[in-house]
Amino acid sequence: MEVNRAQEIYESPTLINVSYQGQPVFIQDIHPSENKATISPLTDIDDKQDVEVDHLVEEGPTH
């Protein structure tokens, strides 16, 4: 995923499914200058980690 798209998803009022290494995640923050995002698994929102935005995969909107 590109950093601009990750920023759009982060700011979107609609929940858009995103995964990291096959696991659904929530984007907590975007760090454009570092090409990174702070994410957490949907199952443990307090478990935060910084990852390369390139490793995030957009799965599509929630219906």
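Residues numbered from 1 in each chain as written. Predicted model: local features only at pLDDT ≥ 70, side-chain atom pairs only at ≥ 80, totals over all residues. Heavy atoms only, no water.

To continue, consider unusual backbone geometry. Here the phi dihedral of Gln-21 falls at roughly 55 degrees; this positive angle occurs in a residue that is not glycine. Tracing the backbone through its elements, the reader meets Gln-21 in the loop between β1 (16-20) and β2 (23-31). Although it is not a glycine, Asn-35 adopts a positive phi angle of roughly 55 degrees. Looking at the element boundaries, Asn-35 is found in the loop between β2 and β3 (36-41). (Helix = DSSP H or I, 4+ residues; strand = E, 2+ residues; numbered from the N terminus.)

In this section: the side chain of Ser-19. Within the secondary structure, Ser-19 sits in strand β1. Since its relative accessible area comes to 8%, Ser-19 is described here as buried. Beyond its immediate sequence surroundings of up to four residues, Ser-19 is in contact with Pro-24, Val-25, His-55, Leu-56, Val-57 and Glu-59. (Buried < 20%, exposed > 50% of the residue type's maximum accessible area, 1.4 Å probe, protein only. Contact = heavy atoms within 4.5 Å.)

This paragraph deals with the pairing of β2. Of the strand pairs in this sheet, β1 and β2 are connected by 3 bridges, and their pairing is antiparallel. Its bridge partner being in β2, Tyr-20 is matched across the sheet by Gln-23. Where β1 hands over to β2, the hairpin turn is made up of 2 residues, of which Gln-21 adopts a positive phi near 55 degrees. Bridge analysis of β2 against β3 gives 6 bridges, and the strand direction is antiparallel. The residue bridging Ile-27 from the neighbouring strand is Ile-39, located in β3. Between β2 and β3, which pair antiparallel and follow one another directly, the connecting turn spans 4 residues, one of which, Asn-35, has a positive phi of 55 degrees. (Pairing = 2+ DSSP bridges.)

This next bit is on the pattern of salt bridges. Evaluation of the coordinates by the stated rule reveals 2 salt bridges. Note that Glu-8 and Arg-5 form a salt bridge whose closest N and O atoms lie 3.0 Å from each other. Taken together, the residues Glu-8 and Arg-5, both in helix α1 (residues 3-11) and 3 residues apart, mark about one turn of the helix. On the basis of relative accessible area, Arg-5 is assigned to the partly exposed category, the value being 28%. For the salt bridge of Glu-58 with Arg-5, the shortest nitrogen-to-oxygen distance reads 2.8 Å. Linking Glu-58 in strand β5 (residues 56-61) with Arg-5 in helix α1, this pair joins segments that are 53 residues apart in sequence. (Salt bridge = Lys/Arg side-chain N within 4 Å of Asp/Glu carboxyl O.)

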